[in-house]
Amino acid sequence: MPVCTVCAYPADYLYTTYKTKSNIRLGVCVSDLSSRTRLTVQAKCGEFLDPLIEHPPLLLLLDLILLKPRIYLHLLFNRGSRPYDVDCEAPAARRKQERTDRLTSDFTNLALATLAAETATRLQARSTFTTSDAGDFVKMLGIVLLELTVQHVVTTILALAVLRWKGWYPKRNSGGRGNHDGRQDYFS
């Protein structure tokens, strides 16, 4: 789910495309996502949702070097999000499923690359390993898989414990939206 780079409020779409992909219109941050069809739309911050989608990679790199918070919101939440297409609108459930599938695919590819690199590095460091010794390869692969799994689980548990201790996750807000931003609503 894309978010506003100014106030981190969630949005359905960042921009709208018309007949051609180069003809776009940036979205404006609104508080009620379902109120777009109404005549009165209440603005959350009133700024463009993500003006960084039009910036060249060099400016994005400079913002990253200068540690600007909006570039992190752009890269973590908005990069690769689909625009609202006037000709054909994709249902929200399908967009959410596509994002989940992409995140799962990226995580799987990263985990397999990490596992392969770590196993190859450890086997390279051992001077007694030969290519015909498949038992050592399987044993080393299992050890690396176990170590990476334990490291990932412990890191995740500690991070969630710190977020809970700081009162950031999970955010239970029975009343209105309050002053918290959209990162808490779509934290995964």
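In this report, we go over the structure that sits alongside the text. (Residues numbered from 1 in each chain as written. Predicted model: local features only at pLDDT ≥ 70, side-chain atom pairs only at ≥ 80, totals over all residues. Heavy atoms only, no water.)

Points about unusual backbone geometry
The line we're drawing: Per the convention used, a helix needs a DSSP run of H or I reaching at least four residues, while a strand needs a run of E reaching at least two, with both numbered from the N terminus.
The phi dihedral of L67 is positive, around 60°, even though this residue is not glycine. Within the element layout of this structure, L67 appears in the loop between helix 1 (57-65) and helix 2 (69-78).

Some details on the side chain of D50
Convention followed: Relative accessible area decides the class of each residue, using a 1.4 Å probe on protein chains only: under 20% of the type maximum gives buried, over 50% gives exposed, and in between gives partly exposed. This count recognises Lys and Arg as positive and Asp and Glu as negative, with His and chain-terminal groups excluded. The term salt bridge refers to a side-chain nitrogen of Lys or Arg lying within 4 Å of a carboxyl oxygen of Asp or Glu. Any pair of nitrogen or oxygen atoms within 3.5 Å is treated as a polar contact; in protein, a donor-acceptor pairing is required on top of that, and neighbouring residues in sequence qualify only through side-chain atoms on both sides. By definition, residues are in contact when any of their heavy atoms lie within 4.5 Å.
Here D50 lies in the loop between strand 4 (43-48) and helix 1. Despite being buried, D50 has no salt bridge partner; R70 is the closest side chain of opposite charge, sitting 7.0 Å away. At a separation of 2.6 Å, a polar atom in the side chain of D50 contacts the side chain of H74. In contact with D50, not counting residues within four places along its chain, are T5, L14, L26, H74 and N78.

Considerations on the sheet that holds strand 5 (residues 84-85)
Defined as follows: Two strands qualify as a pair provided DSSP detects at least 2 bridges between them.
Strand order in the open sheet formed by 3 strands is 2-1-5, and the pairing between neighbours is mixed. Edge positions in the sheet fall to strand 2 (24-26) and strand 5, since each has one partner strand and no second. Bridge count between strand 1 (residues 15-17) and strand 5: 2 bridges; the pairing is parallel. Paired with T16 across the bridge in strand 5 is Y84.

Functional significance is not addressed by these values, which are geometric in nature.
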